[in-house]
Amino acid sequence: MKNIGFLSFGHWSNHPSYQTRTAGDTLLQSIDLAVAAEELGLDGAYFRVHHFARQLASPFPLLAAIGAKTSKIEIGTGVIDMRYENPLYMVEDAGAADLISGGRLQLGISRGSPEQVIEGYKHFGYQPAAGETDAEMGREKALTFLEKLEGVGFAQPNPNPMFPNPPGLLRLEPYSEGLRERIWWGAASNATAIWAAEKGMNLQSSTLKFDENGKPFHIQQAEQIRLYKEAWKAAGHKREPRVSVSRSIFALVNDQDRYYFGQQARGADSFGYIEADQRAVFGKSYAAAPDQLIKELAEDEAIKEADTLLLTIPNTLGVDYNIHVIAAILEHVAPGLGWR
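This report concerns the structure included in the present document. Within each chain, residue numbers correspond to sequence positions counted from 1 in written order. At least 70 in pLDDT is required for a residue's local features to be given in this predicted model, at least 80 for side-chain atom pairs to be given and counted, and no such filter applies to totals for whole chains, interfaces and linings, which use all residues. Hydrogens are left out, water is left out, and the side-chain values use all remaining heavy atoms of the structure.

1. Some words on the packing of helix 5 (residues 190-198) against helix 6 (residues 217-235)
Logical step 1: Every axis corresponds to a line fitted to the C-alpha atoms, with the helix fit spanning only the stretch in contact, and the corresponding angles, defined between N-to-C directions, vary from 0 to 180 degrees. Working definition: helices are DSSP H or I runs of at least four residues, strands are E runs of at least two. Numbering for both runs from the N terminus. Look at helix 5 against helix 6: their axes get within 8 Å of each other, and the N-to-C directions meet at 30°. With respect to helix 6, the element helix 5 is oriented roughly parallel. Two packed elements cross with a definite hand, and for helix 5 against helix 6 that hand is right-handed. Of the residues in helix 6, those touching helix 5 at N190, A193, I194, A196, A197 and E198 are Q220, Q224, L227, Y228, A231, W232 and A235.
Logical step 2: We call Asp, Glu, Lys and Arg charged. Ala, Val, Leu, Ile, Met, Phe, Trp, Tyr, Cys and Pro are nonpolar, and the rest, Gly among them, are polar. Across the contact of helix 5 with helix 6, the residue classes break down as 9 nonpolar, 3 polar and 1 charged. Each angle gets one of four labels, with under 35 degrees taken as roughly parallel, over 145 as roughly antiparallel, 65 to 115 as roughly perpendicular, and the rest as oblique. By convention the crossing between two helices is left-handed if the near helix lies anticlockwise of the far one by an angle smaller than a right angle, and right-handed if it lies clockwise. Residue contacts are defined here by distance: any two heavy atoms, one from each residue, within 4.5 Å place the two residues in contact.

What follows is the structure, encoded as structure tokens:
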């Protein structure tokens, strides 16, 4: 395991047990958490994107702010729903955030998962073309995004511009060299993992995937990753791909940990439906004393196949407690998994 980061869903609610009562609380605490995580030596700070929900939604202002206040930690998303995006405007936002951070952006995108409202992307002004599904629309937008990240000029310049233009067709600015190779695809199926490899994207695989054979979650996820790596090799890409998996992992080292997460020690995979016609398998949470965690995680086939582990964190419990959660993993568990 080369890299460990956190993944925050960025929840907030005016609830007495929450440290994040408002959107402002969540945004500002996300910045503080990333800064503190970098000081601990964590490798990455990642954020989920959801629309029409009391969760983080617009990632680029947050990523830029974190990039300006940190110097080493990778910053990214897991994932941006491309159905809602203008891919050209997104190229500009991503380029700016990457330049502010000095080239540390690791941007996870996807066709999207079920959202809080019915066909929410239509409220953003987007609708699939005739005969096209919303998933296909999301993937087509992703391809446009990838193409424009290459920095090749495509727009005819005005012969009478307000400011002088360089020669030739114009590209989107600001352009950030190397960002195209730091785009990840969040794949819920084996087929989309293979597609992501063919398109030269890194792979993000979360705590759920479509159930394709009834096997335990970590086995199915490991199979997905192996198929991705085979497709990457077959595509002839020159660089090595990166693969991340997400897990809910809690080292129980004090009474507060046991109070919050002790009941998850008996957790197991679960099967259900995230879409009407699509059965999914949800990975279990891990909660145990550090020695037991190391034993359990060493048997997780997908963690063995990945180079990056993203720890889903309970952001509503505040910065101090989440730093404790991360520090306990880094100190007591991560070395046993081969980190550093």
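2. Points about the sheet that holds strand 8 (residues 208-210)
Logical step 1: A pair of strands counts as paired when DSSP detects no fewer than two bridges linking them. The strand order 8-12-11 describes an open sheet built from 3 strands, whose pairing is antiparallel. The strands lining the two open edges of the sheet, one partner per strand, are strand 8 and strand 11 (270-275). With strand direction ignored, the average angle separating the axes of adjacent strands in the sheet is 40°.
Logical step 2: Strand direction decides the pairing type here: strand 8 and strand 12 (residues 278-282), joined by 3 bridges, are antiparallel. Residue K209 lies in a different strand from strand 12, and its bridge partner there is V281.
Logical step 3: Strand contacts of helix 6: strand 8, strand 11 and strand 12, with the helix running at about 70° to strand 8, the strand carrying the most contacts.

3. Regarding empty space enclosed by the protein
Logical step 1: Only protein atoms enter the 1 Å grid used here. Points where a 1.4 Å probe fits but cannot escape make up a cavity, open sets with protein on both sides within 12 Å along at least five of seven lines make up a pocket, and a residue lines them when an atom lies within 4 Å of a point. Grid points are joined across faces, edges and corners, and a volume is the space filled by probe spheres set on the points. Within this structure, the stated rule accounts for 2 cavities of 30 Å³ or more.
Logical step 2: Space inside the largest cavity adds up to approximately 70 Å³.
Logical step 3: In this structure, the largest cavity is lined by S8, T20, T26, Q29, S30, L33, N315, G318, V319 and N322.
Logical step 4: Those elements that place two or more of their residues in the lining of the largest cavity are helix 1 (23-40) and helix 10 (319-332).
Logical step 5: For the lining of the largest cavity, the leading source of residues is helix 1, giving 4 residues.
Logical step 6: In this structure, the second largest cavity spans a volume of roughly 30 Å³.
Logical step 7: Along the walls of the second largest cavity sit F250, A251, L252, D257, F261, Y321, H324, V325 and A328, which together make up its complete lining.
Logical step 8: Secondary-structure elements contributing two or more residues to the lining of the second largest cavity are strand 10 (249-251), helix 7 (255-261) and helix 10.
Logical step 9: Broken down by element, the lining of the second largest cavity gets its largest block of residues, 4 residues, from helix 10.
Logical step 10: Among the residues making up the lining of the second largest cavity, the classes are represented as 7 nonpolar, 1 polar and 1 charged.

4. Here's the deal with the packing of helix 1 against helix 2 (residues 59-69)
Logical step 1: With their axes 10 Å apart at the nearest point, helix 1 and helix 2 run at an angle of 35° to one another. Taken as a pair, helix 1 and helix 2 cross one another with a handedness that is right-handed. Of helix 2, the residues touching helix 1 (which contributes L27, S30, I31, A34 and V35) are L62, A65, I66 and K69.
Logical step 2: Residues belonging to the contact of helix 1 with helix 2 are distributed by class as follows: 7 nonpolar, 1 polar and 1 charged.

5. Examining the packing of aromatic side chains
Logical step 1: Here a pair means two rings of Phe, Tyr or Trp (six-membered ring of Trp) with centres within 6.5 Å. Their orientation is stacked below 30 degrees between planes, edge-to-face above 60, and tilted elsewhere. Within this structure, the stated rule accounts for 10 aromatic pairs.
Logical step 2: Look at Y260 and F261: their rings are 5.9 Å apart centre to centre, the planes differ by 50°, and that puts the pair in the tilted class.
Logical step 3: To sort residues, take the accessible area from a 1.4 Å probe on protein chains only and compare it with the maximum for the residue type: under 20% means buried, over 50% means exposed, and anything in between is partly exposed. What makes Y260 partly exposed here is its relative accessible area of 28%.
Logical step 4: Residue class for F261 comes out buried when judged on its relative accessible area of 7%.

6. A closer look at the layout of surface pockets
Logical step 1: Size it by volume and the largest pocket reaches roughly 670 Å³.
Logical step 2: Lining the largest pocket are 32 residues, with R48, S113, A188, S206 and L208 positioned closest to its centre.
Logical step 3: Tallied by class, the residues present in the lining of the largest pocket amount to 12 nonpolar, 16 polar and 4 charged.
Logical step 4: Here the second largest pocket defines a volume of roughly 320 Å³.
Logical step 5: If you go around the second largest pocket, you meet 15 residues; those closest to its centre are S248, F250, T312, I313 and P314.
Logical step 6: Residue composition of the lining of the second largest pocket, grouped by class: 7 nonpolar, 8 polar and no charged.

7. Quick look at the environment of R226
Logical step 1: Structurally, R226 is set in helix 6.
Logical step 2: Placed 25 residues apart in sequence, R226 and M201 show a C-alpha to C-alpha distance of 15 Å.
Logical step 3: R226 has contacts with E301 and E305, leaving out every residue within four places of it along the chain.

8. Overview of helix 2
Logical step 1: For helix 2, the set of buried residues is P59, F60, L62, L63, A64, I66 and G67.
Logical step 2: Buried residues along helix 2 sit against helix 1, strand 2 (44-47), strand 3 (74-77), strand 4 (80-81), helix 3 (87-101) and strand 5 (105-110).

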